[in-house]
Structure formats: C-alpha cells, structure tokens
Amino acid sequence: MKFVAKSRFGIAGVALLGVIAMVSAVPGARAADPACPGGKVKYYRNPMGTPDTSPVPKKDSMNMDYIPVCGDEAGESPGTVKISLDKVQRLGVRSEEVRERALVRTVRAFASVQFDERKQSVVAPKFGGWIEKLLVNATGDVVKRGQPLFEVYSPELNVLQQEYLVARGMQGQGQGVADNRLRNLDYPEAEFDKLRRGDKPQRVIAIPSPASGTVIDKPAIEGMRFQAGETLYRIVDTSTMWVMAEVYEQDLAFVKVGDQAQVTVNAWPDRPWPGKVTFIYPSVGKESRTARLRIELANPDGLLRADMAATAEIKTPLPSAVVAPDSAIIDSGLRQVVLVERGEGRYEPRPVKLGARAAGYVQVLEGLKPGEKVVTSATFLIDAESNLRAALSAFSAGEQK
C-alpha cells in the first residue's frame, strides 16, 4: 500500500513538471534578464548590428551573446544610449534643466578715445596781416569764448575802419556798405562798439577765441605774417568725447543707435564712463571685418584724452526663449545636437536649432521644451557611443531593404 501511494505521488509530480515546461515554451514568456529591470525583454538583437533578432537568448556564429532589447527601449529614437547608473557616476555625467528666460547679450569691443568733431574750432582770419602780440602763446592752454588770443596789425582793416568813419559822418547808404565789409571779414564786435561810439580806429586789434576749449595746435608765432585763411589756432572743447569702437561683423545684429555703453580706459581700469551709441558707420573694414561705432560720453573733469586705448561694453536685452548651457551643445559645424536625459540612464541625441549666445547660455529655437534635462558634462563620451549605435541601426535598416 505504501508503495502504491508513493508511486501515485510521483506520477502527479511528473505531470506538474510537464505543465510548467509547456507554459515556459509558450511564445512571449521569457526568462528575466538582469539587463532589463523587471525582466521586460522584448527581443534579442545581433551584437554586430545585422537585422537578425531572436525571441530567446542565443549566440552568433562567433559565439557572441545576443544583446537584450528592453520593452521600454523598443520605441526610442535612433542612437539613444543607455548607461548603467554606476557608469554614469564614473563618467561624471551632469545634467541641467532647460528653462525659458530672457538673456542679456554683452558686446565687447576695442576702442579709442577721440575729440568730438562737432566741438572743434579753428582761428583762420579772413584778412592778412602781422601778429603784433600773442596773448595765448602755448599749446594746451585753456581759453574761454571771446577771450583775446592775439593782437594783429592789418592794413586792410585799417582802411575799412577809416571808410566806416567817413561813411558814418555822411549818414548815407555808404555807412551800411562799410559796415557790411567789416562784418564780412569777422571784424570783432567789441571793436565795432568802439567805432559806433566814435572812437578813433586802432592800429592793432585783438582777435577773440570763437569757442571755449583747449588749444591743441598753435602755428601762430609772435611777429609772423599770415595770409587770409591761414590757420593760426585749433581749439577743442573736451567736455564731451567720442569713443570709436570696432565691433565684429557678427555682433552688429545686437547693437543699435541709442544703446547704453560702458567705457573703460587703461589709465583708470576701475572707473567706467557711461555713454550712448550715437552712430553706426555705414561700412565694414575689408581686412578686419569690423564696423565702427561712435559712442559719446561726458568728460567733465578732462581725464579722457584723445587716442587713449579703451574697451567698450554694450549690453543688449534679448527676447525670452528656451535656453540651454553652452556646454550642452555638441556642434559639428553643420549640425548642433544635445543629449536629453530620459531617465534610468537613457540619453537621447536630439538636433536643435540655436539662436543667440550670452553669459554661458544659448537660445534653443527648436528641439527642446522647458523642463527637459540636457547633459552638460561627458557629452562627447556619450555622443561617441550614440553615433556608433545610430550607425549600426542605419546599417541594419539598409540590410533589411
């Protein structure tokens, strides 16, 4: 009896094992693979990239194991890379979330300080004569408008003064003619007042400064004879200076008239001078490929001097857009790609269209959405593996065709 019971139990056990074996042989019921969390293996692909796949683990002709493809990877983009978490830590992979914000583009340019062309004056009498006495006799002297510069003897002026007095005594139209002749020669107003009062004509007259400023050139020498139109003094008002900046051609799109600028010079590197872009010159240098900007700034204390080397910074706010770190961009010259983190060690290469760059970030016009994470370090290591996988996928697709 005992022997019979024992035999019946053995027959039932064998039947149970047979059922389990049949269930295991049903297609789609695959053993768990440690490469996929939860054992969700969709199929196994050839390690050399050929289109051959298998529903169960196997080896190829070179005794290489087929690579498991997880169920959550089957629909991913070509070139997607999966890296184990411990390898992510060893590679030092870092990610950063992209977000939408407004950047400020700073354009830096080398520049030089120049005199304001609109505040330069020359003293070039419209008559000839001799300089009897120099009242301002040194380059660099500061003068005021109307201040006498030199005394001159001019036979031509003496004759016109006598004609004016004669015409004045006649009280006729000749007085107006004589008056105009003197005015046409820029006869000083102070000397006119003396003639109107009836004073005798002076042998020498004082020529006043036409503007306030600094004497930067003085060809005049006491006792010299000069011709009509000859430049004797050059005077510049330095209360306002121009800064001529050289901006690279690719930065022109970020600069416009009216932008605020900060200018520093080598003599006082810690002191910025605020200014404004007032003009963009209409040409670009053929060799330097730079455009000239004119920045005007105040110089009340006179510290800025012509031909000083300077650096100009122009800050331009950019419209709000999705931005990513510069280090996240893999740029091949013709194509720009970022690696998007998909979670659980998966990284998807994605082409993007870029905009302006500023402060270590770049605008992403197409390809990314706010909230997605992009790889900012070890990008080239991951990209190399991604390119290899994409190449194998393309090769496989070609074989299938």
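Since the structure is predicted, the reported quantities are computational estimates derived from the model, not experimental observations.

Undergrad: Explain the overall build of the chain residue by residue, including any values.
TA: A count of helices and strands for the chain gives six helices and 27 strands. Residues counted as buried form 35% of the 401 residues belonging to the chain. Across the chain, contacts joining residues at least 24 apart in sequence account for 69% of those joining residues at least 6 apart. Element-wise, carbon and sulfur atoms account for 55% of the exposed surface of the chain, whose accessible area totals about 23500 Å².

Undergrad: Give me the lowdown on the sheet that holds strand β13 (residues 213-217), citing residues and values where you can.
TA: The antiparallel open sheet is built from four strands, whose spatial order is β8-β15-β13-β10. Where the open sheet ends on each side, the last strands, each with one partner, are β8 (120-123) and β10 (142-143).

Undergrad: An account of the confidence of the model for the chain is requested, with residue identities and associated values reported.
TA: Caution applies to low-pLDDT parts of the model: their predicted coordinates are not meant to be read in detail. Of all residues in the chain, 78% attain a pLDDT of 70 or more, and the chain-wide mean is 80. In this model residues 1-31 is a low-confidence stretch, pLDDT under 50, and it forms six contacts with partners more than four residues away in sequence or in other chains. Taken as a whole, residues 391-401 scores under 50 in pLDDT and shows eight contacts with residues more than four places along the chain or in a different chain.

Undergrad: Would you mind going over the sheet that holds strand β25 (residues 353-358) in detail, with residue names and values included?
TA: Pairing between sheet strands relies on hydrogen bonds along the backbone, with the strands arranged either parallel or antiparallel. One open sheet accounts for four strands, arranged β6-β21-β26-β25; its pairing is antiparallel. In the strand order of this sheet, the two ends are held by β6 (99-101) and β25, each with one partner. Neighbour-to-neighbour, the strand axes of the sheet open up by a mean angle of 45 degrees, direction not taken into account. In this structure, strand β21 (residues 321-325) lies alongside strand β26 (residues 361-366), joined through three bridges in antiparallel fashion. From the neighbouring strand, V323 faces β26, where its bridge partner is Q363.

Undergrad: Quick rundown of unusual backbone geometry? Include the residues and the values.
TA: A positive phi angle, close to 55 degrees, is found at D186, a residue other than glycine. By the secondary structure assignment, D186 is in the loop between α4 (173-184) and α5 (189-196). Here the phi dihedral of D307 falls at roughly 70 degrees; this positive angle occurs in a residue that is not glycine. With respect to the helices, strands and loops of the structure, D307 is situated in the loop between β19 (290-298) and β20 (309-317). A residue is classified by how much of its surface remains accessible, and D307, at 58% relative accessible area, is exposed.

Undergrad: Describe the pairing of β25, with residues and values.
TA: As a general feature of sheets, a regular strand has side chains that alternate between the two faces. Bridge count between β25 and β26: four bridges; the pairing is antiparallel. Note on β26: the bridge partner recorded for L354 is V364. Following β25, the chain reverses through two residues before pairing antiparallel with β26; A359 in that reversal takes a positive phi of roughly 55 degrees.

Undergrad: Describe the environment of E348, naming the residues involved and giving the relevant values.
TA: Structurally, the position occupied by E348 is in strand β24 (residues 346-351). Accessibility expressed as a relative area gives 7% for E348, which makes it buried. Separated by 268 residues in the primary sequence, E348 and T80 place their C-alpha atoms 4.5 Å from one another. Here R350 takes part through its side chain, which lies 3.4 Å from a polar atom of the side chain of E348.

Undergrad: So, the environment of M64: which residues are in play, and what are the values?
TA: Relative to the helices and strands, M64 resides in the loop between β2 (53-54) and β3 (67-70). For the pair formed by M64 and N46, sequence separation is 18 residues and the distance between their alpha carbons is 8.7 Å.

Undergrad: Give a description of α5 that names residues and reports values.
TA: Count 3.6 residues to each turn of an α-helix, and residues three or four apart come out pointing the same way. Among all positions of α5, only E191, F192 and L195 are buried. End-on, the buried residues of α5 take up no more than an arc of 105 degrees, which puts them together on one face. Two residues or fewer after α5 comes G198, characterised by a positive phi angle close to 95 degrees.

Undergrad: Provide a residue-level description of the pairing of strand β17 (residues 260-265), including the pertinent values.
TA: With burial as the criterion, only one face of β17 is covered, namely that bearing A261, V263 and V265; the residues Q260, Q262 and T264 on the opposite face remain uncovered. Across five bridges, β17 lies against strand β18 (residues 268-284) in antiparallel orientation. Bridged to Q262 within β18 is P274. Connecting β17 to the antiparallel partner β18 that follows it, the hairpin turn spans two residues. Here β17 pairs with β20 via five bridges, running antiparallel. Directly across from Q262, in β20, lies its bridge partner E313.

Undergrad: Tell me about the layout of surface pockets, and please be specific about residues and values.
TA: Approximately 400 Å³ is the volume attributed to the second largest pocket. Every residue lining the second largest pocket is counted, 16 residues in all, and those nearest its centre are D186, I207, P208, S209 and P210. Those elements that provide at least two residues to the lining of the second largest pocket are β8 and β12 (204-208). For the lining of the second largest pocket, the class distribution of residues is 11 nonpolar, two polar and three charged.

Conventions used here
- Residues numbered from 1 in each chain as written.
- Predicted model: local features only at pLDDT ≥ 70, side-chain atom pairs only at ≥ 80, totals over all residues.
- Heavy atoms only, no water.
- Helix = DSSP H or I, 4+ residues; strand = E, 2+ residues; numbered from the N terminus.
- Buried < 20%, exposed > 50% of the residue type's maximum accessible area, 1.4 Å probe, protein only.
- Contact = heavy atoms within 4.5 Å.
- Areas by Shrake-Rupley, 256 points an atom, 1.4 Å probe, with all protein chains shown as cover.
- Pairing = 2+ DSSP bridges.
- pLDDT = per-residue confidence, 0-100.
- Axes fitted to C-alpha atoms, helices over the stretch in contact; angles between N-to-C directions.
- Polar contact = N/O pair within 3.5 Å; in protein donor to acceptor, adjacent residues only side chain to side chain.
- Arc of directions from axis to C-beta.
- 1 Å grid on protein atoms, 1.4 Å probe; cavity = no way out; pocket = protein on both sides within 12 Å on 5 of 7 lines; lining within 4 Å.
- Points joined across faces, edges and corners; volume = space filled by probe spheres on them.
- Nonpolar A, V, L, I, M, F, W, Y, C, P; charged D, E, K, R; others polar.

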